[in-house]
Amino acid sequence: MAETTTAAAMAATNVTMSYRTRRGDTVVALDDVSLDVRRGEFLSLIGPSGCGKSTLLYILGGLRKQTSGEVTLEGERVTGPTPRKVGFVFQDYTLFPWRTIISNVEVGLEFRGTGKRERRERAERNLDLVGLGAFANAYPSELSGGMQQRVAIARALSLDPDILLMDEPFGALDEQTRTVLGEELARILEKTGKTIVFVTHSLSEAAYLSDRVVVMSARPGRIKEILPVDEPRPRGDGFSTSAAFNDLRNGLFDLLHEEVRAATLAEMNPGQASGKGGGRRG
Ligand SMILES: Nc1ncnc2c1ncn2[C@@H]1O[C@H](COP(=O)(O)OP(=O)(O)O)[C@@H](O)[C@H]1O
Ligand SMILES: [Mg+2]
């Protein structure tokens, strides 16, 4: 895939985001974030809770407007959502309980005005891809959490975006299920060649799935480090037990630990939390 992972599919340049809270305070969620997402790559974002991972994803997808800086999609400035090119999968799968699985997958296409036959075809194809073809006529309540999340992935894929932005998509699932779903996702990506930006708090998941892992600092979110994962995808069986995997995971742990510590101390001493990471002095 080397030649397909060179060009930037999407880029954030000097993106800063401040929120105004209801009390009238300003929260700087992202501070001068610049990041290229390469075409065909699997890019993970990790960082302490509240460091702006979701905010960055929403801004990349045009769902929220940054305070300053710029986002481009294939060189064009992003000013709003572009559902034909960029899809989302969120942590809570938000299926409509009164619709069957297949008609849940068709929702986005229906919205887009795609004809009935094509809608059905695409939905069937993508349900098969996530291994749920047999559940087309079931209702969400009949499926486990892991299965519902696969439906959400099928729904996003059926819109055929080039880029998928995934915000802790397996966050609500148990460890075994998320491991299997991670492997499934890797297999699906191999087939479809999508570009993925993936927020996770699981270091193993990030190390196993990614081409590069972006570690963000405690709020205000900045890019602390970007670690490449030098192992071809899809990863072989031995990768997750290899020394290289272990080193990478430990490296991520250390980087993240520093930031979580800074974030926790900042929460405990809000008065001193204005500086970089809010870390304790002296
Ligand atoms: N709509 C909002 N209004 C005010 N503050 C917000 C809003 N959304 C997020 N924030 C704040 O911005 C910071 C980053 O949030 P978020 O992007 O959700 O972080 P993460 O996904 O890394 O946990 C947090 O301090 C959060 O409280
Ligand atoms: Mg989040």
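Residues numbered from 1 in each chain as written. Chains lettered and ligands numbered in written order. Predicted model: local features only at pLDDT ≥ 70, side-chain atom pairs only at ≥ 80, totals over all residues. Heavy atoms only, no water.

What follows concerns the overall build of the chain. Within the chain one finds seven helices and 10 strands. Its C-alpha atoms give the chain a radius of gyration of 19 Å, near enough to 19 Å, the size a compact globule of 282 residues would have. With the C-alpha coordinates of the chain rotated into their principal frame, the extents come out at 65 × 45 × 40 Å. Split into buried and exposed, the 282 residues of the chain put 51% on the buried side. Counting only contacts in the chain whose residues sit at least 6 apart along the sequence, the fraction spanning at least 24 positions is 69%. Of the roughly 13900 Å² that the chain leaves accessible, carbon and sulfur atoms contribute 49%. Averaged over its 36 positive side-chain charges, the chain has a centre that lies 6 Å from the centre of its 37 negative ones. (Helix = DSSP H or I, 4+ residues; strand = E, 2+ residues; numbered from the N terminus. Rg over C-alpha atoms; globule rule 2.2 N^0.38 Å. Buried < 20%, exposed > 50% of the residue type's maximum accessible area, 1.4 Å probe, protein only. Contact = heavy atoms within 4.5 Å. Areas by Shrake-Rupley, 256 points an atom, 1.4 Å probe, with all protein chains shown as cover. Lys, Arg positive; Asp, Glu negative; His and termini not counted. Charge placed at Lys NZ, Arg CZ, Asp CG, Glu CD.)

Among the five residues that make up strand β7 (residues 163-167), five are buried, leaving the element largely enclosed by the rest of the structure. Here β7 shows two buried faces, one formed by Ile-163, Leu-165 and Asp-167 and the other by Leu-164 and Met-166. Pairing of strand β6 (residues 86-89) with β7 involves four bridges; the strand directions are parallel. Note that in β7 the partner of Val-89 across the bridge is Met-166. Note: β7 against strand β8 (residues 195-199), five bridges, orientation parallel. Across the sheet, residue Asp-167 finds its bridge partner in β8, namely Val-199. Handedness of the β7-helix α5 (residues 175-192)-β8 crossover: right-handed. (Pairing = 2+ DSSP bridges. Right-handed = clockwise from strand over helix to strand, strands pointing away.)

It is worth spelling out the packing of aromatic side chains at this point. Pairs of aromatic rings are described using the distance from one ring centre to the other and the angle between the two planes. Using the criterion set out here, one finds seven aromatic pairs in the structure. For the ring pair Phe-42 and Phe-198, a centre distance of 5.2 Å and an interplane angle of 50° mean the geometry is tilted. Of the two residues, Phe-42 sits in strand β3 (residues 42-46) while Phe-198 sits in strand β8, which places them 156 residues apart along the sequence. Of the residues examined, Phe-42 reaches a relative accessible area of 1% and is grouped as buried. Look at Tyr-58 and Phe-90: their rings are 6.1 Å apart centre to centre, the planes differ by 55°, and that puts the pair in the tilted class. Of this pair, Tyr-58 sits in helix α1 (residues 53-60) while Phe-90 sits in the loop between β6 and α2 (101-112), and the two are 32 residues apart along the sequence. For Tyr-58, a relative accessible area of 19% translates into the label buried. (Phe/Tyr/Trp six-rings, centres within 6.5 Å; stacked < 30°, edge-to-face > 60°.)

Peptide bonds are trans in most cases, and residues, glycine excluded, mostly fall at negative phi. Cis geometry marks the peptide bond from Arg-219 to Pro-220; its omega dihedral reads 0°. When you line up the elements, Pro-220 lands in the loop between β9 (212-216) and β10 (223-228). In this structure, the amide linkage connecting Arg-233 to the following residue, Pro-234, adopts the cis form with an omega of -10°. In this structure, Pro-234 sits in the loop between β10 and α7 (243-268).

Two strands in a sheet stick together by hydrogen bonds in their backbones, pointing the same way (parallel) or opposite ways (antiparallel). Strand order across the open sheet formed by six strands is β6-β7-β8-β3-β9-β10, with mixed pairing between neighbours. In the strand order of this sheet, the two ends are held by β6 and β10, each with one partner. Strand-to-strand twist of the sheet, defined as the mean angle between neighbouring strand axes without regard to direction, takes the value 15°. In the packing of α1 onto the sheet, the strands contacted are β3, β6, β7, β8 and β9, and the crossing angle to β7 comes to about 155°. (Axes fitted to C-alpha atoms, helices over the stretch in contact; angles between N-to-C directions.)

It is worth spelling out the UniProt feature "domain: ABC transporter" (unreviewed entry) in the chain at this point. When the UniProt feature table is mapped onto this chain numbering, "domain: ABC transporter" (unreviewed entry) sits at residues 10-243. For the annotated span residues 10-243, helix accounts for 32% and strand for 26% of the residues, and the straight-line distance between the end C-alpha atoms is 32 Å. (UniProt positions renumbered as here; feature names shortened; annotations may be inferred.)

With respect to spatial proximity, 13 residues lie near ligand 1, and among them Gly-50, Lys-53, Ser-54, Thr-55 and Arg-219 are the closest. When the free accessible area of ligand 1 is taken as 560 Å², the share hidden by the protein chains comes to 67%. Among the elements that take part in the shell around ligand 1, α1 stands out by supplying three residues, more than any other. Classifying every residue of the shell around ligand 1 gives five nonpolar, five polar and three charged. (Near = heavy atom within 4 Å. Nonpolar A, V, L, I, M, F, W, Y, C, P; charged D, E, K, R; others polar.)

Looking now at the pairing of strand β4 (residues 68-73). Where strand β1 (residues 8-20) lies against β4, five bridges are found, and the strand directions are antiparallel. Bridge assignment links Met-10 to a residue of β4, and that residue is Leu-73. Bridge count for β4 against strand β5 (residues 76-77) is two bridges, and the pairing is antiparallel. Looking across to β5, one finds that Thr-72 is bridged to Arg-77. If you look at the hairpin formed by β4 and β5, you'll find two residues sitting between the two strands, and Glu-74 has a positive phi there, around 45°.

Relative orientation of the contacting elements α2 and helix α4 (residues 145-158) amounts to 35°, with a least axis distance of 8 Å. The element α2 and its partner α4 pack so that their crossing is right-handed. Contact residues: α2 offers Ile-101, Asn-104, Val-105 and Leu-109, while α4 offers Val-151, Ala-154, Arg-155 and Ser-158. Here the residues of the contact of α2 with α4 sort into five nonpolar, two polar and one charged. (Left-handed = near helix turned anticlockwise from the far one by under 90°.)

A word on the sheet that holds β4. Strand order in this open sheet of four strands is β2-β1-β4-β5, and the pairing throughout is antiparallel. A single partner strand is all that each edge strand has here, and the edge strands are β2 (26-38) and β5.

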